[in-house]
Amino acid sequence: MSARPDGVVPRCTVLTFAEMRQRGEPISMVTAHDFSTAQAAEAAGVNAILVGDSLAMVVLGHPTTLQVTMDEMLHHARAVARGARRPLLIGDMPFMSYQADVADAVRNAGRYLQEGSMDAVKLEGGRAYAATAAAIVRAGIPVQGHVGLSPQRVKAMGGFKVQGQTALAALAVLDDAMALEEAGCFSIVLEGLPDRVATLITGRLRIPTIGIGAGSGTSGQVLVMHDLVGITARVPRFVKRYGAVGEALIDAIRAFKDDVTQRTFPGPEHVYPIDDGEYEAFLESVGERRPRATPIRRAR
Ligand code: KIV
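On a predicted model such as this, the values are computed, not experimentally measured, just so you know. (Residues numbered from 1 in each chain as written. Predicted model: local features only at pLDDT ≥ 70, side-chain atom pairs only at ≥ 80, totals over all residues. Heavy atoms only, no water.)

1. Points about the site of the ligand
What surrounds the ligand is the set Thr 31, Leu 50, Gly 52, Asp 53, Ser 54, Asp 92, Lys 122, His 146, Ile 212 and Val 224. Within the contact set of the ligand, an oxygen atom lies 2.6 Å away from a side-chain nitrogen or oxygen of Ser 54. At a separation of 3.0 Å, an oxygen atom of the ligand approaches a polar side-chain atom of Lys 122. Protein contact buries 95% of the 260 Å² of open area that the ligand shows by itself. Of the residues contributing to the shell around the ligand, the split by class is three nonpolar, four polar and three charged. (Near = heavy atom within 4 Å. Polar contact = N/O pair within 3.5 Å; in protein donor to acceptor, adjacent residues only side chain to side chain. Areas by Shrake-Rupley, 256 points an atom, 1.4 Å probe, with all protein chains shown as cover. Nonpolar A, V, L, I, M, F, W, Y, C, P; charged D, E, K, R; others polar.)

Okay, structure coming up:
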């Protein structure tokens, strides 16, 4: 999504994703869960923002992504949409918003567009959810698939485990990705896969792949904002930290606390004035000053 000759960066759509894939131009995607970080992501020029269900862990403090609900996701999607309109906005379908039945899945995906101002939705799962993805696509809602490590299956996987590390397992992930492409997905997230497997899958698909912990051979990359800017204390091996925002936050808050303790904040530059006469009148009215003598009028 490069700037036009007039300097304007156009809005990114699912067509932009396809065009970038064709041109071999890498696609950048980050998560955002609120207004300010969405503004920052847009200012940085990313192609897509994912309102990820990582919200559960990095914002709401849950141990996994399983605890976040559709209503909570929508609340954050609306905030993100108020902060950014140029990147493609993708709402992540949370656990149990699409697994139980297809009609439910279409309705919840629709809520992301109607109530959350998203442009597209993402759902985890391969061939098992291809029919669900196809039904959502038929309703006119762009779907991004997500295969490989699937955090919503953490209990079934016995932990957050890298996938596709045997020939059979790699074949299953390729099959999942192919099924989602056939279902009409505009893109697929490949998570937690050996880089060679992810590169091969990318080569077999016509739609762009977005990698996370899947090496450099995918059509684009996504990272969780809190990990990349350095808010989360511990990050997985595949994350590159581009900042130390967590430490900067603590330093700034500690400096404020010290200023308050030492009474060095607020300073004269942080206060609002009141006219001297008005203040004197105020003091009189609350009994802090004697009233000024009223001039006596003499009879003529
Ligand atoms: O929820 C999320 O942040 C995600 C990314 C890790 C792809 O699904």
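2. With respect to the pairing of strand 5 (residues 143–148)
When you tally the buried positions in strand 5, you get six out of six residues, the bulk of the element. Read from strand 4 (residues 120–122) through helix 6 (residues 130–138) to strand 5, the crossover connection turns out right-handed. (Buried < 20%, exposed > 50% of the residue type's maximum accessible area, 1.4 Å probe, protein only. Helix = DSSP H or I, 4+ residues; strand = E, 2+ residues; numbered from the N terminus. Right-handed = clockwise from strand over helix to strand, strands pointing away.)

3. A few points about the layout of surface pockets
Once rolled over the atoms, a probe with the size of a water molecule shows which space is left empty. In this model, the second largest pocket occupies a volume close to 390 Å³. Along the wall of the second largest pocket there are 26 residues; nearest its centre are Gly 125, Gly 126, Gly 148, Ser 150 and Arg 153. Listed by contribution, the elements that provide at least two residues to the lining of the second largest pocket are strand 5, helix 7 (154–157) and helix 8 (167–182). Here the residues of the lining of the second largest pocket are counted per class, giving 13 nonpolar, nine polar and four charged. (1 Å grid on protein atoms, 1.4 Å probe; cavity = no way out; pocket = protein on both sides within 12 Å on 5 of 7 lines; lining within 4 Å. Points joined across faces, edges and corners; volume = space filled by probe spheres on them.)

4. As for the packing of helix 2 (residues 35–44) against helix 4 (residues 70–83)
Contact geometry of helix 2 with helix 4 gives a least axis separation of 7 Å together with a crossing angle of 40°. The angle between the axes of helix 2 and helix 4 places the two elements in the oblique class. Here helix 2 and helix 4 pass one another in a crossing that is right-handed. Packed against helix 2, whose contacting residues are Phe 35, Ala 38, Gln 39 and Glu 42, the element helix 4 presents Ala 79, Val 80, Arg 82 and Gly 83 at the interface. Classifying every residue of the contact of helix 2 with helix 4 gives four nonpolar, two polar and two charged. (Axes fitted to C-alpha atoms, helices over the stretch in contact; angles between N-to-C directions. Parallel < 35°, antiparallel > 145°, perpendicular 65-115°, else oblique. Left-handed = near helix turned anticlockwise from the far one by under 90°. Contact = heavy atoms within 4.5 Å.)

5. Remarks on the packing of aromatic side chains
Inspection of the entire model under this criterion finds four aromatic pairs. The interplanar angle of 65° and the centroid separation of 5.5 Å between the aromatic rings of Phe 17 and Phe 186 together place this pair among those described as edge-to-face. Within this pair, whereas Phe 17 is found in helix 1 (residues 14–23), its partner Phe 186 is found in the loop between helix 8 and strand 6 (187–191), the two being separated by 169 residues in sequence. Aromatic side chains Tyr 279 and Phe 282 sit 6.0 Å apart centroid to centroid with 40° between the ring planes, which places their arrangement in the tilted category. On the criterion of helical spacing, the pair formed by Tyr 279 and Phe 282 is a turn pair, its members being three residues apart in helix 12 (residues 276–285). (Phe/Tyr/Trp six-rings, centres within 6.5 Å; stacked < 30°, edge-to-face > 60°.)

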